[in-house]
Amino acid sequence: ARENRQTLEALQESEVRFRGLAESSPALIFVLQNNRLRYVNPRFFVLTEYSEEEYLVMEFWEFIHPDFQDSVKSKALAWQRGENQFEKYEMKLLNRSGKEIWVEIYANPIQYEGQPALIGSLFDISERKHFEEALRQSEVLYRTIFETTGTAMMIFDKDLSISLVNSEFEELSGYCKEEI
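(A) Expanded view of the sheet that holds strand E4 (residues 100-112). Pairing is antiparallel in the open sheet, where five strands are placed in the order E2-E1-E5-E4-E3. The open sheet is flanked by strand E2 (36-40) and strand E3 (89-94), the only strands paired with a single partner. Geometrically, the sheet is characterised by an average inter-axis angle of 40° between neighbouring strands, direction not taken into account. Packing against the sheet, helix H1 (residues 2-24) makes contact with strand E1 (28-33), E2 and strand E5 (115-124), and its axis sits at approximately 95° to E2. The sheet contacts of helix H5 (residues 126-148) involve E3, E4 and E5, and relative to E4 the element is tilted by about 135°.

(B) Structural view of the pairing of E1. Burial of E1 is extensive: six of the six residues sit out of reach of the surface. Of the two faces of E1, both are covered, the one formed by Leu28, Phe30 and Leu32 as well as the one formed by Ile29, Val31 and Gln33. Bridge count between E1 and E5: five bridges; the pairing is antiparallel. Following the sheet pairing, Leu28 is matched in E5 by Leu122.

Conventions adopted
Residues numbered from 1 in each chain as written. Predicted model: local features only at pLDDT ≥ 70, side-chain atom pairs only at ≥ 80, totals over all residues. Heavy atoms only, no water. Pairing = 2+ DSSP bridges. Helix = DSSP H or I, 4+ residues; strand = E, 2+ residues; numbered from the N terminus. Axes fitted to C-alpha atoms, helices over the stretch in contact; angles between N-to-C directions. Contact = heavy atoms within 4.5 Å. Buried < 20%, exposed > 50% of the residue type's maximum accessible area, 1.4 Å probe, protein only.

Below, the structure is given as structure tokens:
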């Protein structure tokens, strides 16, 4: 009886630690089993705008952006069957208002109430994706200006090696970019 009581106390302490960590985490933490979310932390409600009552009756895929549903579904089902090792990846969610939210997902298979499940965390990377897109657009604009300026241009690295020339420079010099 004493040993059972100690085991129960240790289990309760473990549950308290998990809930404390999960509920204070900036990540969305979830347990997925049989295509349903069995647990989500408070951050999940903030980001997705769904209530606890709603997520309990929804399938996980309903939160996923349509562009990513098939991919995520096949990976999650394989994980739940224990077929695949975890690999992190990026995807988009849709919140209740229809706003797209880029997330990076980490998940691992576990046993939950005696059955296979996934425990995972989602990190909001929307701001990073926004900056990556802005950088990409800036690069496209820069290259367009560089190539269409009408002036021969050359860019040097710190060691004074030529890193880039435009078409006007090729025409003026008579050498192709590879030769330059």
